[in-house]
Amino acid sequence: MNRATAGTLLAIALMATGARAAFAQSAPDLDPRIVQLVGQVSEDRLASMLRKLETFGTRNTLSAVNTPGRGIGPARQWIFDELQSYSVRLQVSYDTYRIAKQGRITRDVEARNIIAVLPGRSPRRIYVSGHYDTIAVVGGQRGRNSGASQQQPVPIAEPDTTAPGVNDDGSGVALTLELARIFSQSGIEFEATLVFMCHVAEEQGLMGAKLHAQKARTEHIPIDAVLNSDIVGNDRGGNGIIDGASIRVYSEGPEDSTSRELARYVQRWGGRYVPSHRVRLLSRPDRFSRGGDHTAYNLYGFAAVGFRESRENFARQHDARDTFEGVSPAYLAQNARVNAAVASSLALAPPAPVVVNEKGQPTINRAPSGYDAHLQWKASPGASAYRIFWREAWGPDWQHEMLVGNVTEVTLPNTLIDDLVFGVAAVDASGHESVVSPYIAPMSTAVEAGDVKTVSQ
Ligand SMILES: [Zn+2]
């Protein structure tokens with residue numbers, strides 16, 4: 001039996017049962033290695049890293065580099081040494097730039113991202129990230145949010161002003177370091193290359209992330225996914241509302257952008273491995289008038305999502321009050337577990353299938369009857385099966401799924417492709433699943449469509 005026949009027979013069998021929806025939500029077996037990784041996240045280690053990060057007083061990108069124990073110099077050295085201590089498998093280096101005076105950068109400055117690479121069998125990269133720099137603004141973030149200064153430039157405090165940044169973004173850094181430790185010591189050979197990244201100069205306009213993303217694009221470094229955690233350590237809102245059982249994930253649209261597919265993946269696989277923590281997806285790039293490093297990757301064409309704590313306390317952000325007392329290591333640990341589940345699932349899975357032809361058109365049509373859904377894709381290396389997904393063409397989440405064999409096409413008889421969104425994910429022999437590749441028509445522009453010609457008078 002050839003591949004096409006297998007797929008067609010499966011689809012016909014599906015039609016014969018008349019129970020298409022019955023295939024949805026069949027729970028896969030969880031990978032015990034991933035369960036173990038997730039279980040190794042240590043609340044105590046996270047707490048001690050947060051306490052250590054606090055001791056540097058400030059990690060402002062423009063702060064002192066040569067004052068013992070204070071400022072960004074000793075802080076980045078500590079992060080570097082910590083990463084390097086985890087495993088010889090981890091390749092730790094500074095990703096260094098000279099940023100010219102501009103905007104919030106008040107003088108030329110050397111800026112260093114700290115990058116730790118855990119090589120996989122493939123050069124495809126999965127990022128786990130946060131930013132290690134901090135900032136203090138006059139009046140803190142609450143001063144900004146309360147309205148008066150919203151329309152005016154934010155007065156930035158001097159670079160050496162105390163800005164401990166335990167939550168913003170010590171929490172994202174501690175999470176990144178903890179996953180670097182667990183993954184690099186796991187002994188697991190990952191399919192994708194994992195990158196544990198601590199960005200710099202986020203507070204001056206995502207500069208460290210932009211410079212790295214720009215370089216990655218120029219050098220054609222294949223970044224498949226960026227998980228960025230920024231302010232993920234506190235579950236007590238400044239308004240008194242507490243939610244320690246969920247995490248927000250922001251992603252840039254449109255609704256089937258690569259970042260949205262990544263967000264759906266976070267909810268699907270984070271939810272399966274950490275059912276005690278709810279992943280709340282938000283269909284917008286970020287909070288109002290707030291930013292994060294995932295957006296820098298989006299700007300250069302990479303899939304990236306931003307994790308944000310469930311409830312923020314603005315009085316403790318961008319201020320000397322962003323201290324250890326303002327975070328919950330238990331809550332941060334839950335967010336780290338979600339990240340561990342998602343990053344390891346992604347890094348063990350085959351690459352997502354290609355569902356477009358050489359012209360960038362989606363390989364979906366109405367063959368053979370003219371009223372069927374006929375999906376084709378290119379085989380993904382390492383895949384032993386594929387899972388197709390579909391939903392009504394007005395709605396955010398996949399509604400149905402069906403595992404098909406090791407085929408590269410499938411036909412769903414009498415199924416209107418115009419009324420549904422379809423996607424396909426690659427699945428390996430152990431059940432590791434890729435991000436879903438959706439079948440979407442490329443947006444046409446007036447330039448491509450051709451201007452309407454008018455008769456000249
Ligand atoms: Zn931040």
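Everything discussed here concerns the structure shown above.
Residues numbered from 1 in each chain as written. Predicted model: local features only at pLDDT ≥ 70, side-chain atom pairs only at ≥ 80, totals over all residues. Heavy atoms only, no water.

Caption draft 1: Region of the structure containing the coordination of the zinc ion. Ligation of the zinc ion by protein atoms is provided by His-131 (NE2), Asp-168 (OD), Asp-230 (OD) and Asp-230 (OD), these donors lying 2.0 to 2.6 Å from the ion. Given 4 donor atoms and angles of 53 to 145° at the metal, the environment of the zinc ion is assigned as irregular. All donors of the zinc ion belong to a single chain; written as a sequence motif, their spacing is H-x36-D-x61-D. Of this pair, Asp-168 sits in the loop between helix H5 (140-145) and helix H6 (170-184) while Asp-230 is found in the loop between strand E5 (223-229) and strand E6 (246-251), placing the two residues 62 residues apart along the sequence. (Donors = N, O, S within 2.8 Å, 3.2 Å for Na, K, Ca; no water. Tetrahedral: all angles 85-135°; square planar, octahedral: opposite > 155°, others 65-115°. Helix = DSSP H or I, 4+ residues; strand = E, 2+ residues; numbered from the N terminus.)

Caption draft 2: Layout of the sheet that holds strand E14 (residues 420-427). On the basis of which strands lie adjacent, the open sheet formed by 4 strands has the order E12-E11-E14-E15 and antiparallel pairing. Of all strands in the sheet, those bounded by a partner on one side alone are strand E12 (400-404) and strand E15 (437-438). Strand contacts of helix H8 (residues 258-273): strand E11 (385-392), E12 and E15, with the helix running at about 110° to E11, the strand carrying the most contacts. (Pairing = 2+ DSSP bridges. Contact = heavy atoms within 4.5 Å. Axes fitted to C-alpha atoms, helices over the stretch in contact; angles between N-to-C directions.)

Caption draft 3: Layout of the sheet that holds strand E13 (residues 409-412). As summarised here, the arrangement of the 3 strands in space is E9-E10-E13, forming an open sheet in which the pairing is antiparallel. Each having just a single partner strand, strand E9 (364-365) and E13 make up the two edges of the open sheet. Two elements, E9 and strand E10 (residues 373-376), share 2 bridges in a ladder whose sense is antiparallel. In the sheet register, Ile-364 faces E10, and the bridge partner there is Leu-375.

Caption draft 4: Highlighting helix H2 (residues 32-39). Within H2 the residues assigned to the buried category are Ile-34, Leu-37 and Val-38. Viewed end-on, H2 has its buried residues packed into an arc of 95°, placing them on one side of the element. Across from the buried face of H2, at angles greater than 90 degrees, the exposed residues are Pro-32, Gln-36 and Gly-39. Those residues of H2 hidden inside the fold are in contact with H6, H8 and helix H10 (329-348). (Buried < 20%, exposed > 50% of the residue type's maximum accessible area, 1.4 Å probe, protein only. Arc of directions from axis to C-beta.)

Purely spatial values, then, with no claim about function.
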